[in-house]
Amino acid sequence: MTSEEDFGQYLDSYIGDDQHIALLLDYDGTLAEVPDRPELSVIPPETKETLRRIANSGKVFVAIISGRSLDDLREKVGIDGIVYSGNLGLEIQLPDGTKLNQTISEEATANFHKMIEQLTKEVAYNGAWIQNKQIAFTLHYREMEPNLVPDLLVNAKRIIESYGYRTFASHNALEANPPIEWNKGRAAELILSSSFDKNWKSRKVIFAGDDTPDEDVMKAIKGFGKSFRITNGADVLTNADFQIRSVQSVLKMLKWIENKMCK
Ligand SMILES: [Mg+2]
């Protein structure tokens, strides 16, 4: 890996003389450190202010796509004039307030509460707990004894799938989403295609994310965008064009973009 201090090596020739770009970002582990508990997350003030200036420049279209619920995400980031997408893309809110949410069946909605009840009774203990995100949830197990995790995963997946919900792995957690063929990559396509004209694939699009669900965005923009996977392990399998190390690297990228696009 060459020095990641200089984002020019990754992006300068890609952006070229374009006056407008789109910047898509994950939140936890990308803009802000992954906290011990989701509610404790704080976006670093410098990151927030840099992102706000970038978004307000009128030259960079900004969208944040997260596993958090839309309301939670918007509150954590706290910037106007950008796109927010929550629950791994199931919820999307454009800057003018328009929502592009996926429709969830009545059956899935009814099952949601029953499923949470059963999981609470049968698996959410010994350090495992459920983050209820209204239409989806995350089962966290980072506080659990590691030797208990395999059984937890088998039992949780069995219960979740019996209600027709889909599971995804993320950092020390199992995500459960309603039975809709959807992911962050589909959300990215919908955000870009509804915000730009039919030639949206000729836009310069930059994405950064740190986790497995972010790989769907990396796949979706492959060929016309440039993506970064945040990881401190050299061996991670990724669809990203580049690997960078940390939340601090993302801040460096934002500063580089501001300097390149917004002066
Ligand atoms: Mg993340």
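Analysis parameters
- Residues numbered from 1 in each chain as written.
- Predicted model: local features only at pLDDT ≥ 70, side-chain atom pairs only at ≥ 80, totals over all residues.
- Heavy atoms only, no water.
- Axes fitted to C-alpha atoms, helices over the stretch in contact; angles between N-to-C directions.
- Helix = DSSP H or I, 4+ residues; strand = E, 2+ residues; numbered from the N terminus.
- Left-handed = near helix turned anticlockwise from the far one by under 90°.
- Contact = heavy atoms within 4.5 Å.
- Buried < 20%, exposed > 50% of the residue type's maximum accessible area, 1.4 Å probe, protein only.
- Pairing = 2+ DSSP bridges.
- Domains from an automatic or database assignment.
- Salt bridge = Lys/Arg side-chain N within 4 Å of Asp/Glu carboxyl O.
- Parallel < 35°, antiparallel > 145°, perpendicular 65-115°, else oblique.
- Nonpolar A, V, L, I, M, F, W, Y, C, P; charged D, E, K, R; others polar.

S.K.: Just to check I follow, could you spell out the packing of helix 1 (residues 8–15) against helix 8 (residues 247–261) for this structure?
M.R.: Two numbers describe a pair of packed helices, the interaxial angle and the distance between the axes. Between helix 1 and helix 8, the least distance of the axes is 11 Å, while the angle of their chain directions is 35°. For the pair helix 1 and helix 8, the crossing hand works out as right-handed. Contacts between helix 1 and helix 8 involve G8, L11, D12 and I15 from the former and M253, W256, K260 and M261 from the latter.

S.K.: I would appreciate a short explanation of the pairing of strand 10 (residues 225–230) in the present structure.
M.R.: Burial analysis of strand 10 places five of its six residues in the buried class, which makes it a mostly covered element. In this sheet, strand 10 lies alongside strand 9 (residues 205–209) in parallel orientation, the contact comprising five bridges. In the strand pairing of strand 10, G209 is matched with R229.

S.K.: Any chance you could explain the side chain of E215 here in plain terms?
M.R.: Mapping E215 onto the fold places it in helix 7 (residues 215–220). Residue classification places E215 among the buried residues on the basis of a relative accessible area of 7%. Excluding its chain neighbours within four sequence positions, the residues that come into contact with E215 are R229, L237, T238, N239 and A240.

S.K.: What is the right way to look at the domain arrangement of the protein chain in this model?
M.R.: Annotation of the protein chain at the domain level lists domain 1 (8–102 + 182–261) and domain 2 (106–177). Using only C-alpha atoms to locate each centre, domain 1 and domain 2 end up separated by 27 Å. Taken together, the contact between domain 1 and domain 2 spans 18 residues of the former and 15 residues of the latter. For the interface between domain 1 and domain 2, the tally reads zero salt bridges.

S.K.: Looking at this structure, how should I read the packing of helix 4 (residues 106–122) against helix 5 (residues 149–162)?
M.R.: At their nearest, the axes of helix 4 and helix 5 sit 10 Å apart, and the two run at 160° to each other. Here helix 4 is positioned roughly antiparallel relative to helix 5, judged by the angle of their axes. As helix 4 packs across helix 5, the resulting crossing turns out to be right-handed. Of helix 5, the residues touching helix 4 (which contributes M115, Q118, L119 and E122) are A156, I159 and I160. For the contact of helix 4 with helix 5, the per-class residue count stands at five nonpolar, one polar and one charged.

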